[in-house]
Amino acid sequence: MSDHGDADSPESKLLGDRIDKVPGLVRAANPETWLMPDCPPVLFQHAPADPVVPVQMSVHFVVKINAVAGAGRARGCTSSKGQGTPVRSSTSRTLSARQ
């Protein structure tokens with residue numbers, strides 16, 4: 001896998017140029033830019049073996065959404081063969097209480 005800043009990285013390909021050359025596009029493409037207190041409820045389901053996006057990225061985004069929109073607005077779980085497993089944040093707080 002390439003480095004995020006490489007010209008052939010998925011991020012650079014999405015934005016059409018190296019990410020260090022287009023900071024405005026990077027900001028616009030970042031979903032955290034658009035978080036608002038009135039965002040709708042969000043459920044993240046993430047496969048633990050995802051080769052592109054680490055599970056921790058989903059955990060991070062769940063924490064961010066809840067910080068902006070209020071506790072419980074976002075929940076997340078990993079899934080393997082259809083089974084849900086609660087995802088825990090770095091503070092070991094369960095982000096999804098239901099399986």
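The coordinates are above.
The shown structure was predicted, so the numbers you read here are calculated from the model rather than taken from an experiment.

(A) Region of the structure containing the overall build of the protein chain. Of regular secondary structure, the protein chain possesses 3 helices and 3 strands. Along the protein chain, from the amino end to the carboxyl end, the secondary structure elements read α-α-β-α-β-β. Within the protein chain, the proportion of its 99 residues that are buried is 26%. Taking contacts inside the protein chain between residues at least 6 apart in sequence as the whole, the part at least 24 apart equals 40%.

(B) Summary view of the side chain of S9. For S9, the position within the fold is in the segment before α1 (10-15). Polar contacts involving the side chain of S9 include one to the main-chain carbonyl oxygen of D6, which spans 3.0 Å.

(C) Molecular detail of the packing of aromatic side chains. By the definition in use, this model includes 1 aromatic pair. Centroid distance F44 to F61: 5.6 Å. Interplanar angle 85°. Geometry classified as edge-to-face. Note that F44 is positioned in strand β1 (residues 42-46) and F61 in helix α3 (residues 55-69), a separation of 17 residues in sequence.

(D) View of the pattern of salt bridges. For the coordinates displayed, the defined rule picks out 2 salt bridges. A salt bridge links R18 to D20; its shortest N-O distance comes to 3.1 Å. Judged by its relative accessible area of 32%, R18 falls in the partly exposed class. In this structure D20 comes out as exposed when scored by relative accessible area, which is 52%. The closest approach of N and O atoms between K64 and E32, which form a salt bridge, is 3.9 Å. In this pair, K64 is assigned in helix α3 and E32 in the loop between α2 (23-29) and β1, connecting sequence segments 32 residues apart. For K64, a relative accessible area of 34% puts it in the partly exposed group.

(E) Spotlight on α3. With 15 residues, α3 should cover 21 Å at 1.5 Å per step; its first-to-last C-alpha distance of 21 Å lies within 8% of that length. For α3, the set of buried residues is S58, V59, F61, V62, I65, N66 and A69. End-on view of α3: buried residues confined to an arc of 165°, all on one side of the axis. The positive-phi residue at the C-terminal boundary of α3 is G70, with phi of around 110°.

(F) Up close: the nonpolar core. Formed by L35, C39, F44, F61, V62, I65, A69 and A74, the largest nonpolar core amounts to 8 residues. Sort the elements by how many residues they give to this core and α3 lands first, with 4 residues. Beyond its immediate sequence surroundings of up to four residues, I65 is in contact with L35, C39, V42, F44, G70, R73 and A74.

Reading the values: rules and limits
- Residues numbered from 1 in each chain as written.
- Predicted model: local features only at pLDDT ≥ 70, side-chain atom pairs only at ≥ 80, totals over all residues.
- Heavy atoms only, no water.
- Helix = DSSP H or I, 4+ residues; strand = E, 2+ residues; numbered from the N terminus.
- Buried < 20%, exposed > 50% of the residue type's maximum accessible area, 1.4 Å probe, protein only.
- Contact = heavy atoms within 4.5 Å.
- Polar contact = N/O pair within 3.5 Å; in protein donor to acceptor, adjacent residues only side chain to side chain.
- Phe/Tyr/Trp six-rings, centres within 6.5 Å; stacked < 30°, edge-to-face > 60°.
- Salt bridge = Lys/Arg side-chain N within 4 Å of Asp/Glu carboxyl O.
- Expected span 1.5 Å × (residues − 1).
- Arc of directions from axis to C-beta.
- Core = buried A, V, L, I, M, F, W, Y, C linked by side-chain atoms within 4.5 Å.

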